[in-house]
Amino acid sequence: MGILLSLASQGLEHPPAALLAVGRDPAGQVLLGRGARLADRGLCVSSAADLARLQAAPALPRHSAGAPAAASAWLNAGPLVMARGGVCLIGCWDKWSRSAAASAAGITAALESGKVVLECRDLLGTQLPSAGPSVPLQCAVWAYWSPASSARASDLRTLRTLLNTFGVPVLADVGSDEEVEDICDHLLSKATGEQILPNVVLDKDMKEFLTLVNAQPVTLTDEASRLIQDYFVASRRVRPNCLPVTAISTIAAMAEALARISLRVEATWADVVLVVWMYEVALTNLFGSCLVSPLPDICGVPFEAEYLSYQMDCRLNSIKVWLENFVKSILLSSLLVDIEDN
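Criteria and thresholds
Residues numbered from 1 in each chain as written. Predicted model: local features only at pLDDT ≥ 70, side-chain atom pairs only at ≥ 80, totals over all residues. Heavy atoms only, no water. Helix = DSSP H or I, 4+ residues; strand = E, 2+ residues; numbered from the N terminus. Buried < 20%, exposed > 50% of the residue type's maximum accessible area, 1.4 Å probe, protein only. Contact = heavy atoms within 4.5 Å. Areas by Shrake-Rupley, 256 points an atom, 1.4 Å probe, with all protein chains shown as cover. Salt bridge = Lys/Arg side-chain N within 4 Å of Asp/Glu carboxyl O. Pairing = 2+ DSSP bridges. Axes fitted to C-alpha atoms, helices over the stretch in contact; angles between N-to-C directions. 1 Å grid on protein atoms, 1.4 Å probe; cavity = no way out; pocket = protein on both sides within 12 Å on 5 of 7 lines; lining within 4 Å. Points joined across faces, edges and corners; volume = space filled by probe spheres on them. Nonpolar A, V, L, I, M, F, W, Y, C, P; charged D, E, K, R; others polar. pLDDT = per-residue confidence, 0-100. Expected span 1.5 Å × (residues − 1). Arc of directions from axis to C-beta. Parallel < 35°, antiparallel > 145°, perpendicular 65-115°, else oblique. Left-handed = near helix turned anticlockwise from the far one by under 90°.

Caption draft 1: Molecular detail of the overall build of the chain. Counting its secondary structure elements, the chain contains 13 helices and eleven strands. Burial status across the chain gives 41% buried among its 342 residues. Sequence separation of at least 24 residues holds for 73% of the intrachain contacts in the chain that already meet a minimum separation of 6. For the chain, the accessible area works out to roughly 18,100 Å², and carbon and sulfur atoms hold 58% of it.

Caption draft 2: Fine view of the pattern of salt bridges. Applying the stated criterion to the full structure yields five salt bridges. Two residues, Asp230 and Arg226, come together in a salt bridge whose shortest N-O distance is 3.3 Å. Of this pair, Asp230 and Arg226 both sit in helix α10 (residues 222–238), four residues apart, which is roughly one turn of the helix. A salt bridge links Asp271 to Arg264; the shortest N-O distance between them is 2.6 Å.

Caption draft 3: Main features of the sheet that holds strand β8 (residues 140–145). Spatial strand order, β2-β5-β8-β1-β9: five strands in an open sheet with parallel pairing. Of all strands in the sheet, those bounded by a partner on one side alone are β2 (42–44) and β9 (169–171). Recorded for the sheet is a direction-independent mean angle of 25° between the axes of neighbouring strands. Judged from the four bridges that link them, strand β1 (residues 19–22) and β8 form a sheet pairing that is parallel. In the sheet register, Ala21 faces β8, and the bridge partner there is Tyr144. The strands touched by helix α12 (residues 269–287) are β1 and β9; relative to β9, the strand with the most contacts, the crossing angle is about 75°.

Caption draft 4: Molecular detail of empty space enclosed by the protein. The tally for this structure, following the rule as stated, stands at one cavity of 30 Å³ or more. Counted as a void, the largest cavity has a volume near 60 Å³. Around the largest cavity sit Leu7, Gln10, Leu38, Ala39, Asp40, Gly85, Leu210, Thr211 and Asn214, which together line it. Ranked by residue count, the leading element in the lining of the largest cavity is helix α9 (residues 203–214), at three residues. Split into classes, the residues belonging to the lining of the largest cavity amount to four nonpolar, four polar and one charged.

Caption draft 5: Spatial organisation of the confidence of the model for the chain. For the chain, the average pLDDT comes to 76, and 71% of its residues sit at 70 or higher. For the chain, per-element mean pLDDT is lowest for strand β3 (residues 60–62), which scores 49, and highest for strand β11 (residues 266–267), which scores 93. Contacts from residues 53–60, a stretch scored under 50 in pLDDT, to residues over four places away or in other chains number 16 contacts.

Caption draft 6: Spotlight on α9. Given a rise of 1.5 Å per residue, twelve residues ought to cover 16 Å, and the 16 Å separating the end C-alpha atoms of α9 matches this to within 8%. For α9, every residue scored as buried is listed here: Leu210, Val213 and Asn214. Viewed along the axis of α9, the buried residues span an arc of 95°, placing them on a single side of the element. The exposed set on the far side of α9, more than 90 degrees from its buried face, consists of Lys204, Glu208 and Leu212. Among the structural elements, α1 (2–7) and α11 (247–261) are those in contact with the buried residues of α9.

Caption draft 7: How the structure looks around the packing of α10 against α11. The N-to-C vectors of α10 and α11 enclose an angle of 140°; their axes lie 10 Å apart at closest approach. Of the possible angle classes, the one that applies to α10 and α11 is oblique. With respect to the hand of their crossing, α10 and α11 are arranged in right-handed fashion. Contacts between α10 and α11 pair Ile228, Tyr231 and Phe232 from the former with Ala247, Ile248, Ile251 and Ala252 from the latter.

What follows is the structure, encoded as structure tokens:
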């Protein structure tokens, strides 16, 4: 779901939703690669060597005032600019932090500021010390991070740092062995050219659908906006170092994306509570439960086709009730503490 919402967040006024997949399952990395192919423009940069090859791509010549027509320097676009309107898949984050720290710092700065600084290079390709102009970040950056097999305090610090940069944690563990086997069978069938099951959406059809929905403007209702702000304030009280400052804009972007793929022009409270539920499932698995009440399990019981609409409505309402009670209890307890302190 996180991959689909990130793909459907293109074309918004704010930058597309970045994606940080967390898990130890190699199948999760495969799914990210497959998902990136559904974007209008997918660019995979998995190592510093790939980045070096992209730096040789021609960009715009820069002329100094009063200089002749011949260009004396070039502006290097780089992968974050070349993936505009699509997805830039940078692969495993550990590779960047260890072997290409400077490139990792540039990616982090672009995600935090929403702008990409172009590099200046001379005609021989040597990078010049002066920084070039900046352009808006208009691609969704996807990364994968796999923690160590044994829990370490350094992993927790790294995860919190990455969340402050990417904003959205998505659990990349595929699930049961049966699900992994089904995914592998599907990928092998596509690779060998075998006939795909009729209930599986083809890549070209999904890509066309995403292109159409990304052209649809969506507005956020006042109630939905209030829910996002209340959840952010309450969650920051109980998880001060886990929910990033950019979470408000990220949740809003994903809620609007959910409305888009539902073919609606307005994102309502139902879209927000489903995105919040995804957030809470990931945060609870990564940092442990710190909620005043258990999160409703909306996936524990399978849906029945005959009562699908009714069951979905009931489960969304249960999440909304939980969210409102969670916000009220946290804010009320904080208010009582402030009164006692004064």
